[in-house]
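Coordinates in review
Spelled out, the chains give:
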Amino acid sequence: MSSAVRRVVVFGGNGYVGAAVSRALVESEQWMTTATGNGTGTASTSTSTSTSAPRVAVACASRSGAPPTWARRERWVERVEWVTCDALDAETCETTTRDADAVVTAIGALPMPWMGREEIVRLYGDTNVVPGRAAMMNGTTRLVVVGATIPPLVPGLAAYARGKALAETFARDEFACVDEGRSAVVLRPAAVSGTRRVGGGVSLPLSLVMDPARVVLRATGSAAALAHAPVPLENVARAAARAALDFECETFDRGFSVVSNASLITEDYYNLLKRKPA
């Protein structure tokens, strides 16, 4: 693979958030700056029309290894490599993350009442840690974890919070290491507003409820309200794409960075994706 090609593996890439991240990565390709090696080379300010413009190779890893049914006719899907991988299997994760410059973990489903504590912790913790550790062993230099901001007054989320905390702790304490050239970014969205598609393409327009709620909470001017306001799916996806491809640390710090829910709402990650270095 050419050194100008960035390979990004998205775990959970056929899910609600993961598919949006994968699409954002495909669409961001024309704006990214060129660097060599595993994110350690010299950046170029080539435009998208230049023959030296970099390319982004996106691989989506999931148990099915297939794109979501609703997206199969969308053009971005054709630009993605769909890979079968169990995020709890260290061996398959090692194979999947080989030659990856960056890994994004966006795995998880709504914690249901019938799910046991250990199952929920495994679903939100181990499914992020196992791929991250495999990527670290393979020399991947950037890890992006889609974490969460947990509402303080909602009961029954202790196991969910524990799983998310395990994933974030791994990113901060194990993966991120400036001396070894590795960095990690954790996104902490609250509720993610968008259109969730289930089954054969049934649409659940969550934004119909969540978007007005965000407008009201943002209008209060309260930092606490903004910290828990619903965030648009596109904002999360663009922030994850920017984090995955920000090897020159133009937007995020070297080592470990956290992106708060308020930042996900207020920052314009679309323009950050297009911004060239000074």
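Refer to the structure presented above.
Fair warning: this is a prediction, and the values are worked out from it, not measured in the lab.

Looking only at helices and strands, one finds 9 helices and 11 strands in the protein. Burial statistics for the protein: of 278 residues in total, 49% are counted as buried. Look at the contacts in the protein between residues 6 or more apart in sequence, and 72% of them connect residues 24 or more apart. Of the roughly 13200 Å² of accessible surface on the protein, a fraction of 52% belongs to carbon and sulfur atoms.

Where helix H1 (residues 16-28) contacts helix H7 (residues 233-245), the axes come no closer than 8 Å and their chain directions differ by 55°. Considered as vectors, H1 and H7 are oriented oblique to each other. Between H1 and H7 lies a crossing whose hand is right-handed. Residue-level inspection shows Tyr16, Val17, Ala20, Val21, Ala24, Leu25 and Ser28 of H1 in contact with H7, the latter providing Leu233, Val236, Ala237, Arg238, Ala240, Ala241, Ala244 and Leu245. Residues that form the contact of H1 with H7 fall into these classes: 13 nonpolar, 1 polar and 1 charged.

All right, on to the packing of aromatic side chains then. Per the stated rule, a full pass over the model turns up 2 aromatic pairs. Taken together, a centroid distance of 6.1 Å and an interplanar angle of 50° make the contact between Trp76 and Trp82 tilted. Owing to a relative accessible area of 18%, Trp82 belongs among the buried residues under this scheme. Ring centres of Tyr124 and Tyr160 lie 4.6 Å apart, and the angle between their planes is 80°; on these two criteria the pair is classed as edge-to-face. In this pair, Tyr124 is assigned in helix H3 (residues 117-137) and Tyr160 in helix H4 (residues 158-175), connecting sequence segments 36 residues apart. Exposure class is identical for Tyr124 and Tyr160. Each is buried.

What follows deals with the packing of H3 against H4. Across the interface, H3 lies against H4 with an axial gap of 7 Å and an inter-helix angle of 15°. As far as their axial angle goes, H4 and H3 are roughly parallel. When the axes of H3 and H4 are compared, the crossing they make is right-handed. Contacts from Arg117, Ile120, Val121, Tyr124, Gly125, Asn128, Val129, Gly132, Arg133, Ala135 and Met136 in H3 reach Ala158, Ala159, Tyr160, Arg162, Gly163, Lys164, Leu166, Ala167, Phe170, Glu174 and Phe175 in H4. Looking at the contact of H3 with H4 residue by residue, the class counts come to 13 nonpolar, 4 polar and 5 charged.

For H3, built from 21 residues, the straight-helix expectation of 30 Å at 1.5 Å per residue is met to within 8% by its first-to-last C-alpha distance of 29 Å. Along its length, H3 shows its largest kink, about 35°, at Gly125. Immediately downstream of H3, the backbone of Gly139 shows phi near 90°, a positive value.

Let us now look at the sheet that holds strand E5 (residues 142-146). Strand order in this open sheet of 7 strands is E3-E2-E1-E4-E5-E6-E11, and the pairing throughout is parallel. Of all strands in the sheet, those with a lone pairing partner are strand E3 (80-84) and strand E11 (256-259), marking the two edges. Taking each pair of neighbouring strands and ignoring which way they run, the sheet shows an average axis angle of 20°. Looking at chain direction, strand E1 (residues 5-11) and strand E4 (residues 102-105) are connected through 4 bridges and run parallel. Residue pairing in the sheet places Phe11 in a bridge with Thr105 of E4. Strands in contact with H4 are E5, strand E6 (183-187) and E11; relative to E5, the strand with the most contacts, it is inclined by about 165°.

Position of Ser183 among the secondary structure elements: in strand E6. Looking at Ser183, the relative accessible area reads 7%, which means it is buried. Side chain to side chain, Ser183 and Arg142 meet in a polar contact 2.6 Å long. Once residues within four sequence positions are removed from consideration, Ser183 is found in contact with Thr141, Arg142, Leu143, Phe175, Ala176 and Gly255.

A word on a nonpolar patch on the surface. The grouping of Val198, Val202 and Leu204 at the surface amounts to a nonpolar patch, some 220 Å² of accessible area in total. For Val198, the position within the fold is in strand E8 (residues 195-198). Among the residues examined, Val198 registers a relative accessible area of 35% and is labelled partly exposed.

We now examine the pairing of strand E2 (residues 55-62). For E2, the tally of buried residues reaches 6 of 8 residues, placing the bulk of the element in the interior. The pairing of E2 with E3 spans 5 bridges and is parallel. Note on E3: the bridge partner recorded for Ala59 is Glu81.

What counts and how
- Residues numbered from 1 in each chain as written.
- Predicted model: local features only at pLDDT ≥ 70, side-chain atom pairs only at ≥ 80, totals over all residues.
- Heavy atoms only, no water.
- Helix = DSSP H or I, 4+ residues; strand = E, 2+ residues; numbered from the N terminus.
- Buried < 20%, exposed > 50% of the residue type's maximum accessible area, 1.4 Å probe, protein only.
- Contact = heavy atoms within 4.5 Å.
- Areas by Shrake-Rupley, 256 points an atom, 1.4 Å probe, with all protein chains shown as cover.
- Axes fitted to C-alpha atoms, helices over the stretch in contact; angles between N-to-C directions.
- Parallel < 35°, antiparallel > 145°, perpendicular 65-115°, else oblique.
- Left-handed = near helix turned anticlockwise from the far one by under 90°.
- Nonpolar A, V, L, I, M, F, W, Y, C, P; charged D, E, K, R; others polar.
- Phe/Tyr/Trp six-rings, centres within 6.5 Å; stacked < 30°, edge-to-face > 60°.
- Expected span 1.5 Å × (residues − 1).
- Bend = angle between axes of the 7 residues up to and from the residue.
- Pairing = 2+ DSSP bridges.
- Polar contact = N/O pair within 3.5 Å; in protein donor to acceptor, adjacent residues only side chain to side chain.
- Patch = residues over 30% accessible without salt bridge, like charges linked within 9 Å, V, L, I, M, F, W, Y side chains within 5 Å.
- Salt bridge = Lys/Arg side-chain N within 4 Å of Asp/Glu carboxyl O.

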